[in-house]
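Here is how the chains run, residue by residue.
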There are 2 protein chains.
Amino acid sequence: MDLGWRVRLSPPDGLRSSLVSKLTDVPKRILIGRALRSDRLGETLLPKRVALPVFASDPLSSVAYAPGEVLLVLSIAGLSAYHFSPWIAAAVVVLMFTVVASYRQNVHAYPSGGGDYEVATTNLGPKAGLTVASALLVDYVLTVAVSISSGIENLGSAIPFVVENKVACAIGVIVLLTLMNLRGVKESGTLFAIPTYVFVAGVFLMIAWGAFRGVVLGDDMRAPTADFEIKPEHPGLAGFALIFLLLRAFSSGCAALTGVEAISNGVPAFRKPKSRNAATTLAMMGLLAVTMFCGIIGLAMATDVRMAENPAKDLIHDGAPLGPDYVQDPVISQVAEAVFGHGSLLFVVLAAATALVLFLAANTAYNGFPLLGSILAQDRYLPRQLHTRGDRLAFSNGIVLLAGAAGLLVWVYGADSTRLIQLYIVGVFVSFTLSQTGMVRHWNRLLATENDQAKRRHMIRSRAINTFGAFFTGLVLVVVLVTKFTHGAWVALLGMCIFYATMTAIRRHYDRVAEEIAAPDTPTDDSVRPSRVHSVVLISKIHRPTLRALAYARLMRSDTLEALSVNVDPDETRALREEWERRGIDVPLKVLDSPYREVTRPVIEYVKGLRHEAPRDVVSVIIPEYVVGHWYEHLLHNQSALRLKGRLLFTPGVMVTSVPYQLESSEAAKQRARRRQDWAAPGSVRRGPAERAKDSSTHT
Amino acid sequence: MDLGWRVRLSPPDGLRSSLVSKLTDVPKRILIGRALRSDRLGETLLPKRVALPVFASDPLSSVAYAPGEVLLVLSIAGLSAYHFSPWIAAAVVVLMFTVVASYRQNVHAYPSGGGDYEVATTNLGPKAGLTVASALLVDYVLTVAVSISSGIENLGSAIPFVVENKVACAIGVIVLLTLMNLRGVKESGTLFAIPTYVFVAGVFLMIAWGAFRGVVLGDDMRAPTADFEIKPEHPGLAGFALIFLLLRAFSSGCAALTGVEAISNGVPAFRKPKSRNAATTLAMMGLLAVTMFCGIIGLAMATDVRMAENPAKDLIHDGAPLGPDYVQDPVISQVAEAVFGHGSLLFVVLAAATALVLFLAANTAYNGFPLLGSILAQDRYLPRQLHTRGDRLAFSNGIVLLAGAAGLLVWVYGADSTRLIQLYIVGVFVSFTLSQTGMVRHWNRLLATENDQAKRRHMIRSRAINTFGAFFTGLVLVVVLVTKFTHGAWVALLGMCIFYATMTAIRRHYDRVAEEIAAPDTPTDDSVRPSRVHSVVLISKIHRPTLRALAYARLMRSDTLEALSVNVDPDETRALREEWERRGIDVPLKVLDSPYREVTRPVIEYVKGLRHEAPRDVVSVIIPEYVVGHWYEHLLHNQSALRLKGRLLFTPGVMVTSVPYQLESSEAAKQRARRRQDWAAPGSVRRGPAERAKDSSTHT
């Protein structure tokens with residue numbers, strides 16, 4: 001019954017996961033919902049095999065750049081340092097397992113799909129929540145910037161042109177994704193599934209084939225950079241300096257963890273049992289990620305990949321540095337070249353798949369960002385209108401903001417994924433740490449009330465996991481901050497501060513207003529108890545719009561009704577008076593004089609006058625308005641009416657009524673408005689139908 | 001009594017100079033007018049001695065560049081051609097007298113201050129009128145561009161820096177004037193009087209002193225350029241070519257006539273007897289202009305001023321051309337230098353006065369342009385809102401448009417008055433010719449009905465003058481077109497065409513709409529006879545604004561009243577329902593469901609539903625609105641309300657009522673709006689109080 005008819009509603013729902021209300025209004029919803037949602041009845045929930053690619057494109061794609069980053073950093077200490085890479089890989093694997101294990105707890109605890117923001121807010125209070133939110137917002141921007149830059153680099157390893165015009169192409173892709181999302185994309189599971197599985201399959205085939213060639217056939221596979229020398233920036237690094245370098249390499253490797261949290265937002269999209277399935281998928285995802293990560297590092301070692309932070313001067317070939325023209329291919333494509341052979345079909349396919357998956361990863365940010373925006377708007381940290389989902393305008397703002405910020409970063413950093421990654425990891429770990437800390441609190445709270453021993457044991461276990469998770473991710477956060485702050489992390493932090501400050505200010509404004517307009521329990525306030533209403537219809541000429549306005553005004557049986565005209569031209573006024581007589585209109589016509597030929601002031605004065613005579617009365621000003629279709633027509637009509645309305649709104653005790661008259665040309669605009677409404681907000685797939693979300697929230 | 005309390009109204013009044021209405025509503029006007037206009041009671045009408053400078057700054061200032069232009073053109077045929085200049089001066093003088101004589105007739109015939117546009121429209125029909133209007137609009141732009149460029153050049157003769165950064169300085173002055181006029185300048189007669197009289201006195205002193213030195217003392221005064229040679233571009237020009245050149249020189253000299261028509265717009269500003277005073281002032285102005293013009297040409301001859309169109313290559317000194325660095329001072333300053341001596345106090349004072357008068361001349365365009373705009377708007381050739389005078393916004397648009405166009409020209413033509421003047425004269429003579437032709441028609445019309453012989457004789461005389469004026473100015477127009485078309489006149493013509501086309505299009509649009517909305521004589525139309533009204537108050541939360549909206553809605557005793565809320569969040573909705581009960585609000589609350597968490601669509605659907613049930617009924621949608629003070633607050637409020645209103649206006653049979661609730665911050669905006677209203681539209685002085693205009697219109 002009723003499959004996914006509130007799909008777009010779920011996440012904020014999850015936020016306020018209040019079972020009662022949901023159960024109570026289910027029946028009505030089904031009745032009303034059905035009718036409206038018939039267009040989506042076909043939709044189904046995601047089986048694990050589809051859910052995996054849908055959610056994992058982001059985390060899996062990060063293995064396309066993470067291994068390379070590790071080697072890059074190590075190269076600073078020279079080739080010798082490369083032999084540390086297995087250890088660093090191991091550390092990353094441990095971290096990955098920790099994070100995955102921790103998030104499996106989230107998934108069980110918040111099956112409504114509450115993300116880190118919700119976990120932090122509910123358990124650590126709004127400030128922590130807002131910090132996470134800022135971190136996530138920055139993260140979304142960086143996901144786009146990094147993924148696309150890296151995608152371009154991978155594409156470039158197959159198609160040189162692309163990497164020669166890196167920035168242009170990267171911006172191009174951003175524009176493309178932006179337009180797609182502004183138009184409203186109908187996402188489908190398969191859209192994600194195909195490239196993701198091709199990518200995963202490709203990488204595994206590469207690892208397997210590589211291992212087979214190396215071990216069984218004993219081939220000597222050599223990466224294109226194999227016979228380069230590395231000129232170490234700091235040769236013979238040792239002691240603390242070395243440890244620091246290794247830590248930096250490790251925190252670069254942590255890039256592999258970005259996007260792991262995605263699934264925990266998407267539980268509602270899973271088939272039942274949601275939580276278990278989500279948890280399993282999470283585990284699968286982790287397993288795939290680490291295998292690919294280690295596999296690539298392993299192959300990189302086996303094929304003697306050489307990477308340097310500044311390839312131009314630090315990579316030596318035949319005694320001479322390679323110079324600025326040298327383009328350093330990403331490690332994954334170098335390995336692929338070594339294993340499959342340059343220009344081989346498999347090599348090209350893998351490069352393409354990698355790029356595609358990275359672009360998909362970027363695309364996920366395009367629905368995550370506005371979604372989070374709408375959640376924050378609901379909590380009044382952002383303008384309310386962002387909250388009305390499926391509202392194209394609100395969404396577009398978010399999308400454009402995201403694209404703008406990402407584009408700026410790409411442009412500033414020359415679409416260089418290596419430099420962008422320096423900014424990336426901070427935000428991720430801020431939210432990891434706070435979310436895990438929140439989980440610990442969460443379990444403590446439950447434990448305080450829970451008596452069932454089995455459950456308690458279970459909770460204590462979960463708490464232990466989350467505690468470790470919080471501790472470890474926190475540690476990494478410190479490491480990242482220390483090792484990367486000067487390398488660009490400060491930019492990310494700055495971004496977070498800006499978001500934080502803005503959102504706090506907005507929230508403060510809303511609170512102030514809410515306080516100002518709070519309704520008194522005993523309606524003593526005068527403005528709430530007016531006694532009579534005087535209606536005033538503004539008349540310039542006698543034509544259909546004014547006649548309609550008069551007719552409508554008559555229907556509202558107000559205490560007094562008069563027509564009001566401003567005399568800006570004696571002749572026109574006289575003509576008006578005469579026609580008024582001729583037509584025998586039974587509404588008294590009052591003409592205000594206007595020395596300055598203004599319309600606004602005299603009307604305002606008059607209205608104020610009425611109010612002055614009877615302060616407890618209300619004046620209802622009725623304005624006939626043309627409705628036109630084209631922007632330039634707006635310049636030609638209603639201007640004075642609009643200005644007058646604007647001014648009247650400042651006059652207390654007044655209500656302003658527009659009586660529209662639709663000109664033929666208005667049809668055009670009507671159509672436009674319709675089209676805009678029938679627009680599909682992006683990213684519905686990964687949020688899943690909400691009817692399930694409701695059931696699942698019973699787990700809480 | 002009642003001095004000038006409708007000052008800003010006069011000109012369009014003049015346009016529709018209908019005596020009756022004005023007399024009928026005078027008493028009421030005085031009553032209401034007084035109150036509003038108390039701030040201007042001090043104002044008085046202009047005596048001739050003040051009127052002259054107020055209106056003559058434009059025409060008089062043109063003698064600062066006209067003489068130079070004559071010499072420039074002649075120089076093409078070599079120094080020998082200089083001896084034609086007296087003849088050309090003579091021709092200009094004759095033309096000046098003709099034009100002045102003709103406009104003296106306008107002044108008598110249209111004492112209401114109707115400009116060329118009115119004369120042409122009423123006598124030659126709208127097309128002619130629109131042509132004149134286009135010509136005048138282009139003219140205003142060029143007045144600014146030419147006057148300021150020339151002013152800069154004159155200033156430059158005293159302060160080299162200015163002329164070295166010609167364009168920058170010119171643009172600077174434009175910006176300054178623009179800001180002044182946007183702020184709203186309180187013009188006063190003296191503001192014009194002082195520099196104008198200083199300028200006139202200076203020039204006359206120069207002429208007198210020059211004559212005295214030359215004739216009595218027999219000094220040999222030599223202009224700084226006196227001992228330059230002129231390399232003629234076309235030496236030994238003869239026959240038709242020579243005549244053509246002389247005609248070109250003549251049409252350049254005609255630049256002296258620009259702005260003569262100004263007085264004919266400003267009759268209402270004169271003391272009684274308005275027309276006679278205006279005519280006298282016109283004559284004085286003409287006399288001054290020609291004397292100064294001839295005097296300067298004469299002195300230029302006497303002091304051997306040498307000017308060339310391309311001074312860089314055509315002026316030879318010691319056998320070598322002067323080269324690009326040479327700056328050619330305007331003739332007036334060269335003469336002043338010769339007469340008073342370089343750097344002498346009088347020289348500097350004159351240069352300053354000249355520049356100042358030229359800037360004043362430019363400033364006159366700043367009130368002429370928007371004024372004409374408002375007149376055209378009244379005739380629906382431009383957006384209506386330009387018609388509401390004293391409306392800062394409308395005015396600002398005109399001012400900014402003018403400044404922009406002038407700035408562009410100055411920039412494109414490098415603030416070179418000589419090149420700009422090529423564009424200038426076309427428009428002037430288009431309006432001269434059409435206006436004079438119109439006058440001929442005017443007299444014919446009157447003569448057809450007039451029987452009093454004395455009057456007839458008078459009219460016939462006037463007609464003769466205007467006929468000659470029309471003929472002569474028409475001839476000059478042809479000459480100007482022929483001799484200057486390729487030199488830039490085509491630009492002016494293009495500008496005129498653009499204005500003409502735009503205004504025709506706008507008029508067509510207004511006419512189409514007027515037709516569409518024309519009220520049927522027998523109100524058969526259904527939409528005009530609705531039967532019942534259903535009021536719907538939109539509720540999101542219960543707070544003061546919504547309570548106020550409810551209270552107001554109750555006052556309007558509509559047939560049905562219900563509160564409408566859209567369920568975007570079940571919890572909020574439940575809370576709303578509960579509070580609704582608790583407060584025992586006696587209005588039924590209906591909650592619409594919104595799967596997509598939209599607000600707009602469900603409401604629209606619901607309203608359409610109501611309409612569908614009873615097509616002849618009207619739905620009144622009442623929306624509580626916050627009124628905030630700052631633009632950024634707008635982003636935080638009312639967005640969905642505004643969007644909803646926008647959509648509702650397209651739904652037939654609906655009226656949309658805003659019930660404003662003024663937040664504290666709204667005070668700020670209120671103040672701003674007030675300030676904007678108490679703004680004084682520029683150029684009131686030259687239009688004169690309208691109460692006098694009314695009397696004077698009795699002459700018609």
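Residues numbered from 1 in each chain as written. Chains lettered and ligands numbered in written order. Predicted model: local features only at pLDDT ≥ 70, side-chain atom pairs only at ≥ 80, totals over all residues. Heavy atoms only, no water.

**Remarks on the overall build of chain A**
Formally: Helical segments are the DSSP runs of H or I of at least four residues, strand segments are the runs of E of at least two, and each set is numbered from the N terminus. Whether two residues touch is decided by their heavy atoms; if any such pair falls within 4.5 Å, the residues are in contact. Residue-level accessible areas treat just the shown protein chains as cover; the underlying method is Shrake-Rupley with a 1.4 Å probe.
Along its length, chain A carries 26 helices and eight strands. Restricting to contacts in chain A with at least 6 residues of sequence separation, those with at least 24 account for 83%. Accessible area of chain A: about 26,200 Å², with a carbon and sulfur share of 65%.

**Quick notes on the side chain of Ser61 of chain B**
Residue and element names in this part refer to chain B. Here is the rule we go by: Within 3.5 Å is the distance limit for a polar contact, defined as a pair of N or O atoms, with the added protein rule that one can donate a hydrogen and the other accept it, and that residues adjacent in sequence qualify only through two side-chain atoms.
Checked against the element boundaries, Ser61 lands in helix H3 (residues 48–61). Among the polar contacts listed, one links the side chain of Ser61 to the backbone oxygen of Asp58, at a separation of 2.7 Å. Setting aside residues up to four positions removed in sequence, Ser61 forms contacts with Ala56, Phe199, Val357, Leu358 and Ala361.

**Concerning the environment of Ser147 of chain A**
Note that Ser147 of chain A resides in helix H7 (residues 126–158). With residues near it in sequence (within four places) discarded, Ser147 of chain A still touches Leu142, Leu358, Ala361 and Ala362 of chain A.

**Topic: the nonpolar core**
All names here are of chain B. Applicable threshold: We define a nonpolar core as any set of buried Ala, Val, Leu, Ile, Met, Phe, Trp, Tyr and Cys residues linked to one another through side-chain atoms lying within 4.5 Å. Think of it in three bands: residues with accessible area under 20% of the maximum for their type are buried, residues over 50% are exposed, and the middle band is partly exposed, with areas taken using a 1.4 Å probe on protein chains only.
Grouped together as the largest cluster of nonpolar side chains are 152 residues, with contacts concentrated most on Ile148, Phe199, Met206, Leu257, Leu376 and Phe429. Top contributing element to this core by residue count: helix H16 (residues 345–378), with 17 residues. Aside from chain neighbours lying at most four places away, what touches Phe429 is Leu95, Cys254, Leu257, Thr473, Val476 and Leu477.

**A few points about the sheet that holds strand E2 (residues 315–317) of chain B**
All names here are of chain B. Here is the rule we go by: When DSSP finds two or more bridges between a pair of strands, those strands are recorded as paired.
Pairing within the open sheet is antiparallel, and its three strands lie in the order E1-E2-E3. Looking along the sheet, the strands with just one partner apiece sit at the ends: strand E1 (229–230) and strand E3 (320–321). Examined bridge by bridge, E2 and E3 share two bridges and lie antiparallel to one another. Bridging across to E3, Ile316 finds its partner in Pro321.

**A word on the packing of aromatic side chains**
Aromatic ring pairs are described here by two measures, namely the spacing of the ring centres and the angle between the planes. Just so we agree on the cut-off: Aromatic contacts are taken between Phe, Tyr and Trp rings whose centres are within 6.5 Å, Trp giving its six-membered ring; a plane angle under 30 degrees counts as stacked, one over 60 as edge-to-face, and the others as tilted. Note on criteria: charge over ring means Lys NZ or Arg CZ within 6 Å of the ring centre, with the direction from the centre no more than 35 degrees off the ring normal.
By the definition in use, this model includes 16 aromatic pairs over all chains. Seen in terms of ring centroids, Phe240 of chain B and Phe244 of chain B are 6.1 Å apart; in terms of plane orientation they differ by 40°. Their pairing is tilted. Note that Phe240 of chain B and Phe244 of chain B are positioned in helix H11 (residues 239–253) at a spacing of four residues, about one turn of the helix. In this structure Phe244 of chain B comes out as partly exposed when scored by relative accessible area, which is 27%. Grouped by ring-pair contacts, the aromatic residues Tyr103, Phe429 and Phe432 of chain A constitute a single cluster. Lying over the aromatic face of Tyr381 of chain A, Arg507 of chain A brings its terminal NZ or CZ to 5.2 Å of the ring centre.

**Concerning the sheet that holds strand E6 (residues 589–593) of chain A**
Consider a sheet: its strands pair through backbone hydrogen bonds, and that pairing is either parallel or antiparallel. Rules: For helices, the fitted axis covers only the stretch in contact; all axes are lines through C-alpha atoms, and the angles between them, taken along N-to-C directions, range from 0 to 180 degrees.
Spatially, ten strands are ordered E6(A)-E5(A)-E4(A)-E7(A)-E8(A)-E8(B)-E7(B)-E4(B)-E5(B)-E6(B) in an open sheet, and the strand pairing comes out mixed. Edge positions in the sheet fall to E6 of chain A together with strand E6 (589–593) of chain B, since each of these pairs with one other strand and no more. In this sheet, neighbouring strand axes are inclined to one another by 30° on average, regardless of whether the strands run parallel or antiparallel. Direction of pairing for strand E7 (residues 618–627) of chain A relative to strand E8 (residues 654–662) of chain A: parallel, over a ladder of nine bridges. Within the sheet, the bridge partner assigned to Val621 of chain A lies in E8 of chain A and is Val656 of chain A.

**Observations regarding the environment of Leu177 of chain B**
Residue and element names in this part refer to chain B. Note that Leu177 resides in helix H9 (residues 166–183). Judged by its relative accessible area of 7%, Leu177 is buried. Through-space distance from the C-alpha of Leu177 to that of Tyr366 is 8.2 Å; in sequence the pair is 189 residues apart.

**Re unusual backbone geometry**
The step from Lys272 of chain A to Pro273 of chain A runs through a cis peptide bond, and the omega angle for that step is -5°. Relative to the elements of secondary structure, Pro273 of chain A occurs in the loop between helix H12 (262–265) and helix H13 (274–302). Even without being glycine, Asp318 of chain A reaches a positive phi, approximately 50°. Despite not being glycine, Ala415 of chain B has its phi angle at roughly 50°, a positive value. Judged by its relative accessible area of 0%, Ala415 of chain B is buried.

**Remarks on the pairing of strand E4 (residues 533–538) of chain B**
Within a regular beta strand, the side chains point alternately toward one face of the sheet and then the other, so they alternate between its two faces. Residues and elements named next belong to chain B. Counting buried positions along E4 yields six of six residues, so the element is predominantly enclosed. Of the two faces of E4, the one carrying Val533, Ser535 and Val537 and the one carrying His534, Val536 and Leu538 are both buried. Pairing of E4 with strand E7 (residues 618–627), which is carried by five bridges, proceeds in the parallel orientation. Paired with His534 across the strands is Val619, a residue of E7.

**Side note on a nonpolar patch on the surface**
All names here are of chain A. As a reminder of what qualifies: Exposure above 30% relative accessible area and the absence of a salt bridge qualify a residue for a patch, where like charges join within 9 Å and nonpolar side chains (Val, Leu, Ile, Met, Phe, Trp, Tyr) within 5 Å. Here, a salt bridge means any side-chain nitrogen of Lys or Arg that lies within 4 Å of a carboxyl oxygen of Asp or Glu.
Taken together, the side chains of Leu205, Trp209, Phe212, Val215, Val216, Leu217 and Leu346 present a nonpolar region at the surface, about 660 Å² in accessible area. Considering each element in turn, the nonpolar patch owes the most residues, six residues, to helix H10 (residues 189–217). With respect to the helices and strands, Leu217 occurs in helix H10. We classify Leu217 as partly exposed; its relative accessible area is 44%.

**Topic: the packing of helix H13 (residues 274–302) of chain B against helix H15 (residues 331–340) of chain B**
The description of two helices packed together rests on the angle between their axes and the distance between the axes. All names here are of chain B. Stated precisely, the cut-off is as follows: Between 65 and 115 degrees an angle is taken as roughly perpendicular, under 35 as roughly parallel, over 145 as roughly antiparallel, and anywhere else as oblique. Note on convention: the crossing is left-handed when the near helix lies turned anticlockwise from the far helix by less than a right angle, right-handed when the turn is clockwise. Amino acids are sorted into nonpolar (Ala, Val, Leu, Ile, Met, Phe, Trp, Tyr, Cys and Pro), charged (Asp, Glu, Lys and Arg) and polar (every other residue, Gly among them).
Here H13 crosses H15 at 60°, and the two axes come no closer than 10 Å. Classified by the angle their axes make, H13 and H15 are oblique. Judged by the sense of rotation from one axis to the other, the crossing of H13 with H15 is left-handed. For the pair H13 and H15, the contacting residues are Ile296, Leu299 and Ala300 in the first and Val331, Ile332, Val335 and Val339 in the second. In terms of residue class, the contact of H13 with H15 is made up of seven nonpolar, no polar and no charged.

**Brief notes about the pattern of salt bridges**
All names here are of chain A. Scanning the entire structure with this criterion turns up 30 salt bridges over all chains. Arg248 is paired through a salt bridge with Glu309; the nearest N and O atoms lie 2.7 Å apart. Taken as a pair, Arg248 in helix H11 (residues 239–253) and Glu309 in the loop between H13 and helix H14 (311–314) lie far apart in primary sequence, 61 residues in all. For Glu309, a relative accessible area of 26% puts it in the partly exposed group. Bridged by salt links that share partners, the residues Lys231, Lys313 and Asp314 form one connected network.

**Focus: helix H6 (residues 116–124) of chain A**
Here H6 of chain A has its buried residues at Asp116, Tyr117, Glu118, Val119, Ala120 and Asn123 of chain A. Gly125 of chain A sits one or two positions beyond H6 of chain A and adopts a positive phi of about 90°.

**Section: the environment of Tyr117 of chain B**
Residues and elements named next belong to chain B. By the element assignment, Tyr117 lies in helix H6 (residues 116–124). Since its relative accessible area comes to 4%, Tyr117 is described here as buried. Considering only alpha carbons, one finds Tyr117 and Thr131, 14 residues apart in sequence, at a separation of 8.5 Å. Each residue touching Tyr117, except ones within four places of it in the same chain, is listed here: Gly129, Leu130, Val132, Ala133, Leu136, Leu372, Ile375, Leu376, Asp379 and Tyr381.

**Remarks on the confidence of the model for chain A**
Residue and element names in this part refer to chain A. This is how it is decided: pLDDT gives the predictor's per-residue confidence on a scale running from 0 to 100.
Chain-level pLDDT for chain A is 81 on average; 86% of the residues reach the 70-or-more range. Taken as a whole, residues 1–43 scores under 50 in pLDDT and shows 100 contacts with residues more than four places along the chain or in a different chain. Within the model, pLDDT remains below 50 along residues 689–700, and this stretch shows 36 contacts once partners closer than five positions in the same chain are excluded. Reported confidences for the modelled complex are a pTM of 0.68 and an ipTM of 0.70.

**Let's talk about the packing of H7 of chain A against helix H16 (residues 345–378) of chain A**
Residues and elements named next belong to chain A. Contact pair H7 / H16: the axes reach a minimum separation of 8 Å and the direction vectors enclose 160°. With respect to their mutual orientation, H7 and H16 come out roughly antiparallel. When you trace H7 past H16, the crossing you get is left-handed.

**Describing the side chain of Thr418 of chain A**
Within the secondary structure, Thr418 of chain A is located in helix H18 (residues 417–449). When residues no more than four places from it in sequence are discounted, the contact partners of Thr418 of chain A are Glu69 and Leu72 of chain A.

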